[in-house]
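# Structural characterization, general
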Amino acid sequence: MIVIAIANQKGGVGKTTSAINIATAMAASGWRTLLVDLDPQGNASTGVGLGASQRDMSSYDLLVDDVPLAECVTRTNIPGLDLVPATVDLSGAEIELVSVEGRTDRLRRAFANHTAHDVCFIDCPPSLGLLTLNALCAADTLLVPLQCEFFALEGLSQLLQTVEQVQQRFNPDLGIIGIALTMFDRRNRLTDQVADDVRECLGNLVFEAVIPRNVRLSEAPSHGLPALVYDHACTGSKAYMDLAKELIGRLPKQKVAA
Ligand SMILES: Nc1ncnc2c1ncn2[C@@H]1O[C@H](COP(=O)(O)OP(=O)(O)OP(=O)(O)O)[C@@H](O)[C@H]1O
Ligand SMILES: [Mg+2]
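So, here is what we can say about the structure in this document.

What counts and how
- Residues numbered from 1 in each chain as written.
- Chains lettered and ligands numbered in written order.
- Predicted model: local features only at pLDDT ≥ 70, side-chain atom pairs only at ≥ 80, totals over all residues.
- Heavy atoms only, no water.
- Helix = DSSP H or I, 4+ residues; strand = E, 2+ residues; numbered from the N terminus.
- Rg over C-alpha atoms; globule rule 2.2 N^0.38 Å.
- Buried < 20%, exposed > 50% of the residue type's maximum accessible area, 1.4 Å probe, protein only.
- Contact = heavy atoms within 4.5 Å.
- Areas by Shrake-Rupley, 256 points an atom, 1.4 Å probe, with all protein chains shown as cover.
- Axes fitted to C-alpha atoms, helices over the stretch in contact; angles between N-to-C directions.
- Parallel < 35°, antiparallel > 145°, perpendicular 65-115°, else oblique.
- Nonpolar A, V, L, I, M, F, W, Y, C, P; charged D, E, K, R; others polar.
- Pairing = 2+ DSSP bridges.
- Core = buried A, V, L, I, M, F, W, Y, C linked by side-chain atoms within 4.5 Å.
- Polar contact = N/O pair within 3.5 Å; in protein donor to acceptor, adjacent residues only side chain to side chain.
- Salt bridge = Lys/Arg side-chain N within 4 Å of Asp/Glu carboxyl O.
- Near = heavy atom within 4 Å.

### Points about the overall build of the protein chain
Along its length, the protein chain carries 13 helices and seven strands. A compact globule built from 258 residues would reach a C-alpha radius of gyration of about 18 Å, and the protein chain, at 17 Å, matches this within 12%. Projecting the C-alpha coordinates of the protein chain onto the three principal axes gives extents of approximately 50 × 40 × 35 Å. By residue count, 52% of the 258 residues in the protein chain fall in the buried class. For the protein chain, restricting intrachain contacts to residue pairs at least 6 apart in sequence, the fraction spanning at least 24 positions comes to 78%. When the accessible area of the protein chain is evaluated, it comes to approximately 11,700 Å², of which 50% is carbon and sulfur surface.

### A closer look at the packing of helix α1 (residues 15–28) against helix α12 (residues 235–250)
At a minimum axis separation of 9 Å, α1 and α12 run at an interaxial angle of 70°. When the axis of α1 is compared with that of α12, the two are roughly perpendicular. Between α1, through T17, S18, N21, I22, A25 and M26, and α12, the contact on the second element is made entirely by Y240, L243, A244, L247 and I248. Considered class by class, the residues forming the contact of α1 with α12 number eight nonpolar, three polar and no charged.

### Concerning the sheet that holds strand β1 (residues 2–6)
Pairing between the strands of a sheet is mediated by backbone hydrogen bonds and can be parallel or antiparallel. Spatial strand order, β3-β4-β2-β5-β1-β6-β7: seven strands in an open sheet with mixed pairing. Of all the strands in the sheet, the pair left with one neighbour each is β3 (74–75) and β7 (175–182). Pairing analysis gives two bridges linking β3 to strand β4 (residues 81–84), with the strands arranged antiparallel. When the bridges of β4 are listed, T74 appears paired with L83.

### Considerations on the side chain of T33
Tracing the sequence through the fold places T33 in strand β2 (residues 33–37). Non-local contacts of T33, meaning those with residues more than four positions away in its chain, are made with A23, M26, A27, G80, L81, D82, H117, V119 and F121.

### Brief notes about the nonpolar core
Within the largest apolar cluster, 49 residues are counted, with the highest numbers of intra-cluster contacts made by V36, L38, L107, F111 and I122. Looking at this core, the element that brings in the most residues is helix α7 (residues 130–138), giving seven residues. In this structure, I2, I22, V48 and I78 belong to the second largest nonpolar core, which totals 36 residues.

### With respect to the pairing of β4
Residues in a regular strand point their side chains to alternate faces of the sheet. In β4, alternate side chains face the same way, and those of L81 and L83 on one face and D82 and V84 on the other are all buried. Across four bridges, β2 lies against β4 in parallel orientation. Among the inter-strand pairings, L35 is bridged to a residue of β4, identified as L83.

### Some thoughts on the environment of D37
Inspection of the secondary structure puts D37 in strand β2. Take D37: its relative accessible area is 0%, and that puts it in the buried class. Between the C-alpha atom of D37 and that of N8, which follows or precedes it by 29 residues, the distance is 14 Å. There is a polar contact of 2.6 Å between the side chain of D37 and the side chain of S45.

### Considering the pattern of salt bridges
Under the criterion given, the structure shown has nine salt bridges. Residue R75 pairs with D82 through a salt bridge whose shortest N-O separation is 3.9 Å. What makes R75 exposed here is its relative accessible area of 70%. Taking relative accessible area as the criterion, D82 reaches 15% and is therefore assigned buried. Among the salt bridges present, the one from R216 reaches D231, with a minimum N-O distance of 2.9 Å. Of this pair, R216 sits in helix α10 (residues 215–219) while D231 sits in the loop between α11 (227–230) and α12, and the two are 15 residues apart along the sequence. Among the residues examined, R216 registers a relative accessible area of 30% and is labelled partly exposed. Note on D231: relative accessible area 18%, which makes it buried. Salt bridges here are not isolated pairs; linked through shared partners, they connect R216, E219 and D231.

### Here's the deal with the site of ligand 1
In the neighbourhood of ligand 1, 18 residues make up the surrounding shell, with K15, T16, T17, P212 and N214 lying closest. Protein chains bury 81% of the 630 Å² of accessible surface belonging to ligand 1 in isolation. Put simply, the parts of the chain that give the shell around ligand 1 at least two residues each are α1 and α10. For the shell around ligand 1, the leading source of residues is α1, giving three residues. Residue composition of the shell around ligand 1, by class: six nonpolar, eight polar and four charged.

What follows is the structure in structure tokens.
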């Protein structure tokens, strides 16, 4: 299973929207896809249609109580897409894990030898605490959604420093598969400027596909549906399909073949 963490410690930059829609696009292309909700807000779980009362085993059980991954996986209504939901308990995990041995390695161990899925997306919370650290330690690679606004680059350099520390201390193989520009607004000149700056700084690391600001993307979660299912023809859905295609092209070839 290829594990892709979707992280950015900045809040509201499109992590969850990206996780849901890229995962849906990959499931639609025949990948057995797992979405792990690692945010106590549980937005990814709600966004694929799993209400709070339907969440039985969750990412909390996986991380804190050593419940096997297979027992925490729930089917969604989207063919090919399974979910490990999050519950509010998870907000306590950040503190409960502090005293646990191997606290950064809990998720990686839970994923070991799992063959029921081809690809896994982890939707991280907006912080660089133990939950995100677990995701970065378990991941093969990281996808960073970046909102084109003034402070974006500052936040990004902090995230890249964390990635470097994780590579040095815990997960030397952690890669960065790409940076996805989100909530792009053509009419806003600052957005354009930030996008140019990011591309100049980070070159090919930035995906060609840009996610526009699009109302349909923000409406979809209230229907418990990925935008790709809610309105597959809207500009946001099309952009996420392009992004998923590009992402697949960047995945390690030997893993794609397997
Ligand atoms: N491209 C877009 N166009 C319009 N609205 C968007 C877009 N992407 C995300 N949104 C909306 O912006 C809000 C934040 O997006 P999202 O929840 O994906 O960000 P996040 O990074 O996961 O947030 P958090 O840090 O709280 O987990 C949501 O209400 C979402 O529906
Ligand atoms: Mg989120």
